[in-house]
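# Working through the structure, step by step
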Amino acid sequence: MAEIKQGGDQFASRWGLIATVLGMAVGTGNIWRFPREVASNNGGAFILICFLALFFWAVPLICAESVFGKKTRMANAGAFKVLLGEKWTWVGAWCAMVCVMLGCYYVVVLGWVMKYLSLIFTGFLTQVQAGGTDLTSEVWKNFAMTPPAVEAWVWFVAAVLIAAAIIVRGVQGGIETANKIMIPAVFILLAILLVRVIMLPGAWKGLEYMYHVELVDFTRPSVWLAAFTQAAWSSGAGWGMFHVYFVYAAKDEDIMLNAFTATFGDMVAAMLAGMVVLPAVFALAPDPMAVMKSGANGLTFVNLTNLFAHTTGGFVMAALFFVALFSAALSSVIAMVELGCRNLMDMGFSRPKATGLVTAFFLIVGTWSALDNGIFENQDMVWGVALLMVGLFYSIAAMKYGVEKLWKEDIAPCSDMHVKWMWTVIKFFPVEFALVWGWWFYQSMTWYPGEWFKFWPLQKYAYTPGSMVVEWTLLAVILFVLNGAMAKKLVHANKLD
Amino acid sequence: MWQLNMVVCIAVGFGAFGWALKRTMDAEKKKKG
């Protein structure tokens, strides 16, 4: 193995690291997915199971990622090579590329949010007061749903360039500074919105729906699977991004306490968003459940925009909501771009060159999702489900290296929280994975009776198991072929100690 | 019933998050001496 070279970046403070990992975790999964999932899964039981999922899915996976980053001072591909051997390099690279592929379409959402922020500040809500959902539907359809969505593409390019401008400034000057501003802002804005929303007549009905518990829901497998999926997709556990941020963590950084802070911070942001969106919809919409089931885009860009327009103080509410959504989405995009950059920097690229290459990749690959929503939907399914597999690879890697060994060598010595079971439950992760991943795979088969194996055209077979397997395999084959070359170049660790 | 669940969820979620932030703050103070 080639000698590992040293030199690099570090977070200025523990607060900086915490703000950054919260920024990664808190995203659209909290603000527009969680309230919809609460509504779809009948409220309170789902939320209680989400808490359980934090302990059995999110915390152990975040610990695994963090320990890999801190121990090796290398990103995903390099860490798998160093800890498990050169033949595992392509597996680490696959994990990294899944997150980068996800970032390529996720940044499209950031562009949409920027467009709606601009609309709100240029008097759009006044027009909506007259036009209602007919107008918001038409504007949304023309903007993003009709290929080629050229205007959505322009906003997508702007979003990528904003993320790149932050990343190129480095860990302390860019990532840490941006998250220290954006993450407190998300919590404060949601708290202000919550105070305003619960003063609306009828808002309590939304809170009642959100927190009512029907004991029969605890016996429904679909509620459990939805809650574990929410924990996986919202907290960012097992995506490889915690791993990359811990490459820059101090030597004595507390892995267990940070994992706990990130997961519960993510849950608090989700609950705040739920207590804003559900009461607002129940207070303002004639048919609240129809609004909640109108999909992420329908809820946010069509229905909430319309509801805000018809409320006293609606301009301020809409502005606060979309600024919070923008901050949450941008902080997550930053993590995805940084993940790509750190992997390239481990291969010897400078930060500016790595940022340039990753930005170009995002612009090229993301363009298809920005221009055509059918491609966006396909990418969302393919790489969203693949993320669950990234979690599996991290759990296997932890078990292969030694769960006890990692606890004794890296987690326990620097932790104020000696709650060993929260780490060792990672041994059961493959079973959790099989249930959740299998459920998604099975569901996608039932959506396409007799055609589940088809994958082309992607827009027509957006959610088929066929398209998922083909895209995952294609990426795996490319990286497997490049394994030797990547392993040879991965020698530039961010050694600080 | 739903009010009780709301109180429990808020207490557990916000309580655990607040507790973790407090532990972090204490550790940071200790580190700086």
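Residues numbered from 1 in each chain as written. Chains lettered and ligands numbered in written order. Predicted model: local features only at pLDDT ≥ 70, side-chain atom pairs only at ≥ 80, totals over all residues.

Bringing the overall build of chain B into the picture now. Across its full length, chain B holds one helix and zero strands. Counting across all 33 residues of chain B, residues that qualify as buried make up 15%. (Helix = DSSP H or I, 4+ residues; strand = E, 2+ residues; numbered from the N terminus. Buried ≥ 20, exposed ≤ 12 C-beta atoms within 10 Å, placed from the backbone.)

Within chain A, the regular secondary structure consists of 22 helices and zero strands. For a compact globule of 497 residues, the expected C-alpha radius of gyration is about 23 Å, and chain A comes in at 22 Å, within 12% of that figure. Projected onto the principal axes, the alpha-carbon positions of chain A cover approximately 70 × 50 × 45 Å. Expressed as a percentage of contacts within chain A between residues at least 6 apart in sequence, the contacts between residues at least 24 apart total 84%. (Rg over C-alpha atoms; globule rule 2.2 N^0.38 Å. Contact = placed C-beta atoms within 7 Å.)

The next point concerns the interface of chain B and chain A. Each side of the interface is counted separately: chain B has 16 residues, and chain A has 21 residues. For the side of chain B that touches chain A, the per-class residue count stands at 11 nonpolar, three polar and two charged. (Nonpolar A, V, L, I, M, F, W, Y, C, P; charged D, E, K, R; others polar.)

Moving on, we come to helix α17 (residues 373–401) of chain A. End to end, α17(A) covers 41 Å across 29 residues, agreeing with the expected 42 Å (1.5 Å per residue, within 8%). Trailing α17(A) by a residue or two, A:G402 shows a phi angle of about 125°, which is positive. (Expected span 1.5 Å × (residues − 1).)

All names here are of chain A. One way to put it is that helix α5 (residues 89–120) packs onto helix α16 (residues 351–371) with a least axis distance of 8 Å and a crossing angle of 60°. When the interaxial angle is binned, α5 and α16 end up oblique. Considering only the axes of α5 and α16, their crossing is right-handed. Within the contact between the two elements, α5 uses V100, M101, G103, C104, Y105, V107, V108 and G111 and α16 uses F361, F362, V365, G366, S369 and A370. (Axes fitted to C-alpha atoms, helices over the stretch in contact; angles between N-to-C directions. Parallel < 35°, antiparallel > 145°, perpendicular 65-115°, else oblique. Left-handed = near helix turned anticlockwise from the far one by under 90°.)

Here we take up helix α12 (residues 255–284) of chain A. Over its 30 residues, α12(A) extends 43 Å from the first C-alpha to the last, a length consistent with the 44 Å expected when each residue adds 1.5 Å. Of all 30 residues making up α12(A), 30 are buried, and the element is well covered by its neighbours.

Next up on the list: the packing of helix α15 (residues 314–345) of chain A against α16(A). Residues and elements named next belong to chain A. In contact at an axis separation of 9 Å, α15 and α16 are set at 130° when each is read in the N-to-C sense. By the angle between their directions, the pair α15 and α16 is classed as oblique. Taken as a pair, α15 and α16 cross one another with a handedness that is right-handed. Counting all contacts with α15, which are made through V337, G340, C341, L344 and M345, the residues of α16 involved are R351, A354, T355, L357, V358, F361 and F362.

Moving on: the confidence of the model for chain B. Model confidence for chain B is summarised by a mean pLDDT of 91, while 100% of its residues fall at 70 or above. The complex prediction reports pTM at 0.94, with the ipTM value standing at 0.96. (pLDDT = per-residue confidence, 0-100.)

Further remarks concern the nonpolar core. Residues and elements named next belong to chain A. Ranked by internal contacts, the top residues of the largest apolar core, which has 202 residues, are V98, V107, A163 and V333. Counting residues per element, this core draws most heavily on α5, at 24 residues. Those residues in contact with V98 that sit more than four places away from it in its chain are W383, A386, L387 and V390. (Core = buried A, V, L, I, M, F, W, Y, C linked by C-beta atoms within 7 Å.)

Next up on the list: unusual backbone geometry. Residue and element names in this part refer to chain A. Omega for the peptide link from P147 to P148 comes to -5°, which places this bond in the cis form. Summarising the element assignment, P148 is placed in the loop between α6 (124–145) and α7 (150–167). For the bond running from W456 to P457, omega is 0°, close enough to zero to count as cis. Structurally, P457 can be placed in the loop between α20 (429–447) and α21 (465–481). Positive phi, close to 65°, is recorded for N42, a residue that is not glycine. Its location among the elements puts N42 in the loop between α2 (28–40) and α3 (44–72). The phi angle at R73 is positive, at roughly 60°, despite the residue not being glycine. Turning to its location among the elements, R73 is positioned in the loop between α3 and α4 (76–84). When the 23 C-beta atoms within 10 Å are taken as the criterion, R73 is described as buried.

All names here are of chain A. In this structure, S332 sits in helix α15. For the pair S332 and V107, spaced 225 residues apart in sequence, the C-alpha separation works out to 9.1 Å. If sequence neighbours within four positions are ignored, S332 has contacts with M24, G27 and Y106.

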